[in-house]
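Coordinate analysis (summary)
Okay, here's what each chain looks like letter by letter:
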Amino acid sequence: MNTRLHTAVMAATFLVTTAASTANAEPAAESAATDRQQLAWSAVDADGNGEATRTEFQAAQVRAATQRFRRLDKDASGTLSPAEYAPALAEAKERRSRLPWIARRRMPEAPSFETIDADRDGGTTLKEWLASSEKRRAKMFERIDDDDSGSVSRQEFDEWQAKMKRFLGRRSGQ
Ligand SMILES: [Ca+2]
Ligand SMILES: [Ca+2]
Ligand SMILES: [Ca+2]
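Residues numbered from 1 in each chain as written. Chains lettered and ligands numbered in written order. Predicted model: local features only at pLDDT ≥ 70, side-chain atom pairs only at ≥ 80, totals over all residues.

Looking at the overall build of the protein chain
Helix and strand counts for the protein chain stand at nine helices and four strands. From first element to last, N terminus to C terminus, the protein chain shows the α and β order α-α-β-α-β-α-α-α-β-α-α-β-α. Burial status across the protein chain gives 34% buried among its 174 residues. The contacts of the protein chain with a sequence gap of at least 6 include a subset with a gap of at least 24, amounting to 62%. (Helix = DSSP H or I, 4+ residues; strand = E, 2+ residues; numbered from the N terminus. Buried ≥ 20, exposed ≤ 12 C-beta atoms within 10 Å, placed from the backbone. Contact = placed C-beta atoms within 7 Å.)

Here is the structure:
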């Protein structure tokens, strides 16, 4: 992929992620994406050996996605209803519309409730939630693992974060 577009896509993900942590953001107003959480290095390198393996990285992503599911599940029923998902979806659309165009055109739309509720029974279980974002999680790891070694070094992680911040500092259209 073209490096600039590649960066744009990752920046879009990062923006949605970091926007969620602003002071005024309600938990339900975070990205509708199931796993676009900002990951701290301490979370991804769980054993603290200086490298985040694919297993460690994806475990951290799954933990983050699970936490997000629990926050959205307001009535703690174990499933998300369309109403529980709706505010998150609306917010994700709004955030996407504010991205620089180059990021926006490469960023997939937030998935509809019907897409995530794979068996179409009207409730999204945690299993459906995690399954719907599995490919995105894998893709994210592959992008951060710049040298394709199968694990992410602290340097790769920091460079990726710095790249996102640089990209987001630019104005749309420049
Ligand atoms: Ca490790
Ligand atoms: Ca619920
Ligand atoms: Ca379902």
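Considering the confidence of the model for the protein chain
Interpretation of this model should avoid reading the predicted coordinates in detail wherever pLDDT is low. Looking at the protein chain, pLDDT values average 80 and 74% of them are 70 or higher. Confidence drops under a pLDDT of 50 for residues 15-37, and excluding neighbours within four residues, the segment shows 53 contacts in the predicted structure. (pLDDT = per-residue confidence, 0-100.)

A closer look at the nonpolar core
Core analysis: the biggest nonpolar cluster contains 22 residues, and V44, F57 and V152 have the highest contact counts within it. Elements with a contribution of two residues or more to this core: α3 (54-72), α4 (82-97), α6 (113-116) and α8 (134-144). What V152 contacts, discounting residues up to four positions off in sequence, is V44, A52, F57, I144, D145 and F157. (Core = buried A, V, L, I, M, F, W, Y, C linked by C-beta atoms within 7 Å.)

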